[in-house]
Amino acid sequence: MAEMKLHSEAAVGARYGRPADPCAIVIFGASGDLTKRLLVPALYNLACDGLLPRNFALVGTALSDMDHESFRDQMSKDIRQFTTRDAFDERVWDDLVRCLYYVPGNFEDPATYRRLAQLLDEVDAKHQTRGNHLFYLAVPPVVFSLISRQLGQARLTDEEKGWSRLVVEKPFGHDFESAVSLDGDLRQHWQEHQIWRIDHYLGKETVQNLLTFRFGNGIFEPLWNRHHIDHVQLTAAEKIGVEGRGNYYERAGILRDMIQNHMLQMLSYIAMEAPTSFHADDIRNGKIEVLKAIRPLTPEGVLTNTVRGQYSGGTVDGNVVLGYREEPDVSQTSHTETFAAAKLFVDNWRWAGVPFYLRSGKRLPKRSTEVTIQFKGAPEVLFRDTPVERLEANKLLFHIQPDEGIELSFQAKVPGPILHLQTVRMHFEYKAAFETTRGTGYERLLYDCMIKDPTLFSRADLVEIAWKIAQPILDVWSSLPPRDFPNYPAGTWGPRDAALLMERDGLEWRNP
Ligand code: BG6
């Protein structure tokens, strides 16, 4: 029996938990980017940490003409390029690579699934994976329904021998209607508990820590409401452009690509009520409740409370870069937005009247995802007769990435005989506080799926509510094509209207 030998399993097990349950993972799209850049490096990291099951196999499937050996060779090359670890552990990889298999095939052809089913029988017997199968769709969304149906017809969805789970990458639908229809397609062959909708932002430690921070500390939660918080800002800024993904991006745009999913997930963690427990459904219900409370934008509301942009050529880090319309596979008259900002309100008792400003953009000056909780200011009465002109209000900053950490800013007296104040900060940095190895962000998600913990995965109702929030914006934007695109040069913080959205409220974006 081929078994993986786990390194220092006891030590790691004690720290993180047990190795996951025996299973075979099948990746559809095994010759693609996601597999080599993220999925296989994540599985390798889990193996290094003793968290992959002893009884494990990975079956890749794609159109490319490879066999088991050439797939193993290719993955062995790729892992050395894409591993997130500084030191490469040959022993761990040697054990893992022996558990890799490949089935070439066309996803439309039922014979592919027959071959896959046959291989899975062999793999189950050889690796004792107990008929537990996790099917990962690392493929373009146009084939989600097709693969799901074919798996159903090949009876690979059955849970008679072991469990069978389907992991679906975003985008989950293109709008509200298509998301409902995709869900209907999947539900013809899978039950809800078998469908695992991934949002890789929830794999980020700093995102997971938002809830721990809020509910594991006594001092912040009493302040976490409209009485003490003036507004909240969420920024997901990227320096990169569309990186050769013009085809996908032309149909998506940043509202669908980042805001409808990753940013609303973060918002729900910031704004949700305390769940009854950390059990999956308590957390997922809490997120849904808060997203349901987001005030739907009317068409007029879309015009006043949202901003869209598209980058022209410019300079990022001293390098001249192309405008979006010059990128490969992008139309020269494209109306696709590469920047979006929105002002939203969460209409519930806790947040009534507190604006949440969200923005995301490509080709901005810096890569940075952060959340700013802007508290209300202290009364200035005591400082009336002093040289202090203005008291800056406290801010709590969550640096989601990079430079992961949390920062609290406050006022301090500048040493000296005259009363001057300066904003100073208390700063917690992950890299100083914890010994961690850099991961891909997929480790926890893959692990959770193998141990059946759906907390970090989206239920169908959450996906639909998130689309309902985005839908009025999509509708107005598609019926009123932008007249000023491109409207921000690469390497700047987005269109002027994004700054105006805040200035109108007497505020400004915190640029990282
Ligand atoms: C993906 C988007 O979901 O998230 C990409 O499709 C984007 O366009 C990426 O670049 C950002 O993820 P991260 O983890 O780099 O912030």
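Treat the numbers as computed from the prediction; the structure is a model and nothing was measured.

(A) Quick look at helix 7 (residues 176-187). Taking 1.5 Å as the rise per residue, helix 7 with 12 residues should run 16 Å; its terminal C-alpha atoms sit 16 Å apart, in good agreement. Burial in helix 7 covers these residues: Ala 179, Leu 182, Asp 183 and Leu 186. What you see down the axis of helix 7 is that its buried residues fit within an arc of 100 degrees, all on one side. Elements that come into contact with the buried residues of helix 7 comprise helix 6 (144-153), strand 5 (164-168), strand 6 (195-197) and helix 15 (460-479).

(B) Inspection of the sheet that holds strand 12 (residues 339-345) at higher detail. Spatial ordering of the open sheet is given by 8-12-13-7-14-15-16-17, a layout of eight strands whose pairing is mixed. Looking at strand neighbours, the two that pair on one side only are strand 8 (306-309) and strand 17 (421-429), the edges of this open sheet. Strand-to-strand twist in this sheet, taken as the mean axis angle between neighbours without regard to direction, amounts to 15 degrees. Of the pairings in the sheet, the one linking strand 15 (residues 395-401) to strand 16 (residues 405-413) comprises five bridges and is antiparallel in character. Counted as the bridge partner of Phe 398 is Ile 406 from strand 16.

(C) Quick peek at the site of the ligand. Near the ligand, the surroundings consist of Lys 170, His 200, Tyr 201, Lys 204, Glu 238, Arg 245, Asp 257, Met 258, His 262, Lys 362, Arg 367 and Gln 401. Within the side chain of His 200, an N or O atom sits 2.8 Å from an oxygen atom of the ligand. Measuring from an oxygen atom of the ligand, one finds a side-chain N or O atom of Lys 362 at 2.9 Å. Isolated, the ligand exposes 390 Å² of accessible area, and the fraction of that covered by the protein chains is 82%. With three residues, helix 10 (residues 254-271) is the largest single contributor of residues to the shell around the ligand.

(D) Up close: unusual backbone geometry. At the junction of Lys 170 and Pro 171, the peptide bond is cis and its omega measures out at 5 degrees in the coordinates. Position of Pro 171 among the secondary structure elements: in the loop between strand 5 and helix 7. A cis amide bond links Gln 401 to the next residue, Pro 402, at an omega of -20 degrees. Within the secondary structure, Pro 402 sits in the loop between strand 15 and strand 16. Even without a glycine there, the phi angle at Arg 363 is positive, about 60 degrees. Relative to the elements of secondary structure, Arg 363 occurs in the loop between strand 13 (355-361) and strand 14 (368-375). What makes Arg 363 buried here is its relative accessible area of 15%.

(E) Quick look at the packing of aromatic side chains. Applying the stated rule across the entire model yields 20 aromatic pairs. Ring centres 5.7 Å apart and planes at 65 degrees place the aromatic pair Phe 339 and Tyr 488 in the edge-to-face group. Of this pair, Phe 339 sits in strand 12 while Tyr 488 sits in strand 18 (residues 488-489); the two residues are 149 residues apart in sequence, bridging distant segments of the chain. Using a relative accessible area of 1% as the deciding quantity, one classes Tyr 488 as buried.

Rules used throughout
- Residues numbered from 1 in each chain as written.
- Predicted model: local features only at pLDDT ≥ 70, side-chain atom pairs only at ≥ 80, totals over all residues.
- Heavy atoms only, no water.
- Helix = DSSP H or I, 4+ residues; strand = E, 2+ residues; numbered from the N terminus.
- Expected span 1.5 Å × (residues − 1).
- Buried < 20%, exposed > 50% of the residue type's maximum accessible area, 1.4 Å probe, protein only.
- Arc of directions from axis to C-beta.
- Contact = heavy atoms within 4.5 Å.
- Pairing = 2+ DSSP bridges.
- Axes fitted to C-alpha atoms, helices over the stretch in contact; angles between N-to-C directions.
- Near = heavy atom within 4 Å.
- Polar contact = N/O pair within 3.5 Å; in protein donor to acceptor, adjacent residues only side chain to side chain.
- Areas by Shrake-Rupley, 256 points an atom, 1.4 Å probe, with all protein chains shown as cover.
- Phe/Tyr/Trp six-rings, centres within 6.5 Å; stacked < 30°, edge-to-face > 60°.

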